[in-house]
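Read off the chains here:
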Amino acid sequence: MIKKLGTLALTFVLMITLALAGCANKTADVSTEKNKTREDINIRLKTNVDSLDPQLSSNDYSSNAILNMYNTLVISDSKNNILPCLAKSWEISDDGLTYTFFIEENVKFHNNKKLTAEDVKFTLDRALTVPMGSTYAFMINRTDIINEHTVKVTLKEPYAPFMEYLVLPFYAILNKEAVTAANGDKFANPVGTGPFKFVEYKDGEYLSMTRNDDYFKTPAKIKDVKFKIIIDQTTMTMALEKGEIDFLEELPGAERERFKKDKRFEVLEYPTNYLHYFMLNPNIEPLKDKRVRQAIGYAIDLEAAKKVVYDGAGEVNYTILRSDMFGYSDNIPRYTYNPEKAKELLKEAGYANGFNLKFVSVDTVAGRKAPQVMQGYLADLGITMEIETNEFGVYAQKITGSDFVISCCATLAQNDPDTLLYQLFYSTEMMNMPKYNNPEVDKLLDLQRKEVNEQKRKEYIKQIMDIVMEDATILPYLYREDAATYPVSLKGVTPKANCIHYIYDFYWD
Amino acid sequence: MSQTLLNIKNLYVNYETDEETVRALNGVNLKLNKGEMLGLVGETGAGKTTTALSILKLLPKDIGIITNGQIEFDGKDLTKLKEAELRNIRGERISMIFQDPMTSLNPVLTVGEQIAEVIELHKTLDKKQIESKVNEMLELVGIPAKRKKEFPHQFSGGMKQRVIIAMALSCDPELLIADEPTTALDVTIQAQVLNMMEELKHKLNTAMLLITHDLGVVAQICDKVAIMYAGEIIESGTAEDIFEAKEHHPYTVGLFGSIPNLIEKTNRLKPILGLMPDPTDLPQGCKFHPRCPQCMEICRKVHPDDRQTETHTIKCHLYK
Amino acid sequence: MYKYIIKRLMMLIPVILGISFIVFSIISLTPGDPARIILGNHASEEAVENLRQELGLNEPFIKRYISYVGSSIKGDFGSSYRTGKPVFEDIFGKFPLTLKLALFSMLLATALGIPIGIISAVKRYSIIDGASMIFALLMTSMPSFWIGLMLILIFSIKLDIFPVTGVENIKGYVLPTITLASFSMAIITRMTRSTMLEVIRQDYVRTARAKGASTKRIIFKHCIRNALIPVVTVIGINFGILLGGTVITETVFALPGLGTLLVSAIRMKDMPIVMGAVIFLAIAFSIINLLVDLIYAVIDPRVKAQYSR
C-alpha cells in the first residue's frame, strides 16, 4: 500500500518538477541593460588550472585561460592570418631557416620590468628544455640576441607552420627574472606582459585577473576577469542562465537549440582545428590487412554517427585535411559510407564471416558514444566489436603504448598540414600511435617540410595523402565545432580555430 | 460486609488485526473488595493478563478493544473515563507489577529516577520529599537506599522485581495488580518476593489482584480465587471454596490434578487432555467441552450460566 | 574511560597501515601512468620517462611503499604530482568546505529526520506517517545529482533565490546542504521511526504508562533516548560517508571540496594526494566512530559500564 503510494507520489513529484522546469516564467536577471555598464566578466573554465606557467601546462583549456596574462610574439585572427603582437614585425630568410623578430619597445611586464630581447631568448631557450618542448619546440635550433629589441631564431630545418606555433600559449613570452625565481614552481605568481594581471588562483574554484592599466596597447575594456571552474556541463548552462557566468564554450549539441531560441543569449558556432579520428593498428591481426582497415572505413556512416555522438555538431571529415587547409584537394581518396564495398573488401581479405576485435576508448561522452555507433555498423559486416572504456590515465597509457587494435583520439591541427601529417604518420612520432611505418611516407613528409616552393609542396602532400588514405591507419571523423555562448550584450567575441579567446577584445555594450 | 473496590461486569475484549479477531475475554465477571487478595488462575492464554490490562486500559493501542462490559472501580466505570482521568488513577490508585522484571525497567534511567517518576506524577512534593520517599520505598522492599543511583542492569532479577514493587507501592494504591510477579524468578527468590508482597499487603492494606498459574502460590496467600478458561471465569470463590469444597468445575479438577502432590501419593500426574481452544474460533456451548471428561449433550450446544452458592460460583451444566 | 579512548586511538595505527597499503597497492598496480597523465598524449616518451624518474615511479612497488611510510612517519607526506604543493596544504585547503557541508547537512538531516521519525512512529499509519514515509522513499530513491539539479532549476533559475555555484556567502550553502542531507535525512527518519516503534512496544514503556505518565512524557523521557541508540550509529556512519562522499554534490554545485580533490587525484593517479586524503579520511572516520561510541555511553549506561571495565 505504502509502496504503491510511493510510486504514485514519485510520478507526481516528477511531473511537477518537469512542469516547473519546462515553463520559463520567472528567469534570472541577465538583462541587457544591466550588462551594458559592466566591467567584469565571469568565464567558465572546464578544468583546474594545471600550471600558471604556460610552458609547463599540458592542458589546452588551462593554458588558453592563462594566456590572457601573457602575450605571444604574434597572434592569429579568426581567418588564421598571423598578426603582430609583441613582435611588431618580422623577417623570414629566403631559405626559411631564420626568423628575425623586432620586439615592441615600450612593453612592461607586470613586475614593472621592461621587455627585452633577453626575455624572448630566455623563453625560446627554455621552451627546448621543458617536457612539452619536444612537442612544440622541436623545430628550433637556437635563438640569438641581435640587439635589445631584436632576436633571431634559427630553425633546424625550414618549417613553414612555425609562425602558427608562436601563437600558442606555449610560446607566451616569460619574464626571465620571475621565472628564474620561481624555480619550476608551476603555481608561482605569473608575470607576463598581457592585458590582464594575475590576482588569485584557488584550485577548484577560480582564477581571477584584473586589467593591466600599463598595457602596451590601449588597456582592455573589461576590468575584472574571473575564470570559474565548473566541471559539470549541466551546472555550467544553469550558471549561464542565472548570470553567474557570462561566457562558456563547448555548449553541448543538445542544448544549442534551446539557447539559440533564447533571445538573451548569443550562440556562436565556429569550426575548430580539433580533429577527431579513429586509429587502426596495422601491426595486429586482422587489421594487418589494409583491406580490412579500408572495409572499416567504408562501413561507417559518419554523418549519421555525428548526429548520435555530437548531437549533429561538427564538420564531418573524410580527408584528414580540411578544405581550407594548405594542400587540400578534392582528389584525396576517401572512405564514404558504402557497406557493399566494405563487405566485398572483407570477403577479398578472407573475412567474409567477420571477426572479433576490441575498441579501447576513454570515459568521456564522445568516448562512450562513438565506439557504440561503430559497433553497430561493424555488426552489419559480421564484425563483433567489444568496447573497453577506460579512465583517462589507463587510456593514455594504452594508446601511447600502441596497446590497442582500434581506438580513437583527437588533436589540434594547425592551418598548415605539416604538424598534423607529421604527427599522425611519421614513423618515429609519438602521436603516430598505430605505429604506422612507411619509409616512403617518412621521406615525403621530410621533403614537403623543407620544400619552399608551394606548388611542389602541394604535390608532395597529395602524394602523402594518397598513400596514407590507402593504408587507412587513421580514419578521420570530424572537425569539432564549438559553440561559444554568452549574453547578447557581450561583444568582441571573435572565435579562432585554435579555440583561444582573447578577453582583451571583449566588451559589454 | 466489606466494600466492593473493583467490579468487572460482563467484560468482552477482542484483539483485532487485519487478518483475524482474537476473542480474548468473553464475558468476565470479577469482584474484589477493599483490602482483599484475589488470585486469578489459569493456563497461558486464558485471558488473565488481558483482564489486568483492561482494568488499566493498557491494552495494545488500536488492537485490543473492549467491546462490551463495565469495569467499576470504586463506583466509577473505568471504560468510560478519558485518558487524562485514567492517568490519575494509573500508578496512584491502581498500580501494576508486570511479569518480566528484566524488561519492565527502562535501561537508561536510574532506578531512583524511575521510582521518583511515579511519585512526581501523582503527589505534589518537592524534590527533597520525593528523594526521601524513594529512599523509604527502597528500604521497604529491602534495597539499600544508596543504590538508587544505579541502573537496572546493575540489579539481579529479584532485586529488579523489588524495585518494581517499590515503584508500584510508592503512591499507596488501593489496588495492586500483580501479573505473574514471580514467574521469571528463581524459586528461592520467588518465595522471598511473595513473602514480601504478603507482608506489604498487610502493612499497607492494599487490595491485590494476583495473576498466576501457580495454585500453590494462591493457596498460600490469597483470600479469594478465580479460575479462568478461554476468556471466562469458570469458577470463583474464597480460597476455602476452591481448595476444600466438594463441587468443582471439571477444569478446576483437572488443574488440581496436574499439580504434583507430595503428601498424597499419586502414581502420576493427570494432565488435562487437549489444548485450549483457538481464541479466533471458539467452540459453541461450553468452551471447555472438547476437553471435558464429563461432557454432556447440552454442553456442546448451550453456554452454561453461573451457579452461585454463597461465595462459590461455578459455570457448568453439571450444577443446576 | 580514558584508557578506552587511548586504546581506540592506538588501534588506528594498524588500521591506517592496512588502509595505506591497500590504497597504495591499488593505485600502483592498476594501469595508468601518472607521468603520462600529467604530460598528456602529446608529450614525447622521453619527457614522460624523465618525469617518471623525477617522481621515483621506476622504483619497485614495495620499495616505494616503504619509503612512503618512512617519510610519512617523519611527517612528510610528499607533494602533489599535479600542483607540486605539499599534500596536506591541498587537503586542508579543501577540507573546511567539505566539513562544513557535511556538518550542515548532518545537522539538517538530524534536526528534521529525528522529529519526523518520532512523529511517524507515534502517529503510526496516520497521514503524517504516510507522507513522511513516502518522502523518505523519494529521498532515498532519487540520485543526489538529480535532486541537486532540480533544486538549482527551481530555486536558482526559476525562483532566483539561491546561487547555482559557489559558496561566497551562506546562501550558497543552502542547496548543496539540502542535496547532501536528503539521503541521510531519509535514512535517519526511517531508522528513528522503526526503532521508536520497537521501543514503544517495550515492557518498560508499558510500565511507564501504568505509572500514569502521559504519552508526551513517555515519548520524551522513556522512548527517545532508547530509540536514539541505533540512530546515533547511523548518523555517525552517514557523517563519515559524507566527509568522503560529497563529490557528486560538489560537482553539481561546482564546489571545491575534498571529494572532488580525491576523485580527481585518483583519476590523475596523484598518489601522494590520494594517500594523504585516504589516511586523513580514515583518521576522521575513526574519530567519528569513537565519538559515536562515546555518545553511546552518554545515552546508554549499559555501554558506559562496559567501557570502564
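Residues numbered from 1 in each chain as written. Chains lettered and ligands numbered in written order. Predicted model: local features only at pLDDT ≥ 70, side-chain atom pairs only at ≥ 80, totals over all residues. Heavy atoms only, no water.

## A short note on helix α9 (residues 250-257) of chain B
Step number 1: If you check which residues of α9 of chain B are buried, you get P250, Y251, T252, G254 and L255 of chain B.
Step number 2: Considering only its buried residues, α9 of chain B is in contact with β3 (37-42), α7 (215-221), β9 (224-229), β10 (232-238) and α8 (239-244) of chain B. (Buried < 20%, exposed > 50% of the residue type's maximum accessible area, 1.4 Å probe, protein only. Helix = DSSP H or I, 4+ residues; strand = E, 2+ residues; numbered from the N terminus. Contact = heavy atoms within 4.5 Å.)

## A look at the state of the cysteines
Simply put, disulfide is the name for a covalent bond between the sulfur atoms of two cysteines.
Step number 1: For the structure shown, the criterion picks out zero disulfides over all chains.
Step number 2: C409 of chain A carries a free sulfur, and the closest cysteine sulfur to it, the one in C408 of chain A, is 7.4 Å from it. (Disulfide = S-S within 2.5 Å.)

## A few points about the packing of aromatic side chains
Step number 1: Going through the model one piece at a time under the given rule, you end up with 38 aromatic pairs over all chains.
Step number 2: Summarising the aromatic geometry, the rings of F21 of chain C and Y65 of chain C are spaced 5.0 Å apart at their centres and angled 80° between planes, so their arrangement reads as edge-to-face. With F21 of chain C in helix α1 (residues 2-29) and Y65 of chain C in helix α4 (residues 61-73), this residue pair connects regions lying 44 residues apart in the sequence.
Step number 3: With relative accessibility at 10%, the residue Y65 of chain C sits in the buried group.
Step number 4: Linked through ring pairs, Y136, F138, Y159, Y165, F170 and Y171 of chain A together constitute an aromatic cluster.
Step number 5: The ring of Y422 of chain A has R449 of chain A sitting right over it, with the charged end atom 3.4 Å from the ring centre. (Phe/Tyr/Trp six-rings, centres within 6.5 Å; stacked < 30°, edge-to-face > 60°. Lys NZ or Arg CZ within 6 Å of the ring centre and 35° of its normal.)

## Here's the deal with the nonpolar core
Step number 1: Ranked by internal contacts, the top residues of the largest apolar core, which has 192 residues, are F101, F162, Y171 and L207 of chain A.
Step number 2: Looking at this core, the element that brings in the most residues is helix α13 (residues 271-299) of chain C, giving 17 residues.
Step number 3: Residue contacts for L207 of chain A: discarding those within four places in its chain leaves V49, L52, A65, I66, F198, E200, Y201, V225, K226 and F227 of chain A.
Step number 4: Counting residues in hydrophobic clusters, the runner-up holds 93 residues, among them L38, L40, V118 and I164 of chain B. (Core = buried A, V, L, I, M, F, W, Y, C linked by side-chain atoms within 4.5 Å.)

## A closer look at the interface of chain B and chain C
Step number 1: With 30 residues of chain B at the contact, the number on the chain C side is 21 residues.
Step number 2: For the pair chain B and chain C, the summed buried surface comes to about 2300 Å²; carbon and sulfur atoms form 55% of the total.
Step number 3: Remark: the boundary between chain B and chain C carries three salt bridges.
Step number 4: For the salt bridge of E117 of chain B with R217 of chain C, the shortest nitrogen-to-oxygen distance reads 2.7 Å.
Step number 5: Between chain B and chain C we count 13 residue pairs in polar contact (both at pLDDT 80 or more) in total. (Buried area = accessible area lost by both parts, 1.4 Å probe. Salt bridge = Lys/Arg side-chain N within 4 Å of Asp/Glu carboxyl O. Polar contact = N/O pair within 3.5 Å; in protein donor to acceptor, adjacent residues only side chain to side chain.)

## Regarding the sheet that holds strand β4 (residues 64-73) of chain B
Two orientations exist for strands paired in a sheet by backbone hydrogen bonds: parallel and antiparallel.
All names here are of chain B.
Step number 1: Reading across the sheet, the four strands line up as β2-β1-β4-β5 and stay open at both edges, with antiparallel pairing between neighbours. At either margin of the open sheet sits one strand with a lone partner, and together these are β2 (21-33) and β5 (76-77).
Step number 2: Note that strand β1 (residues 4-16) and β4 share eight bridges and pair antiparallel. Residue pairing for β4: Y15 is matched across the bridge by G64. (Pairing = 2+ DSSP bridges.)

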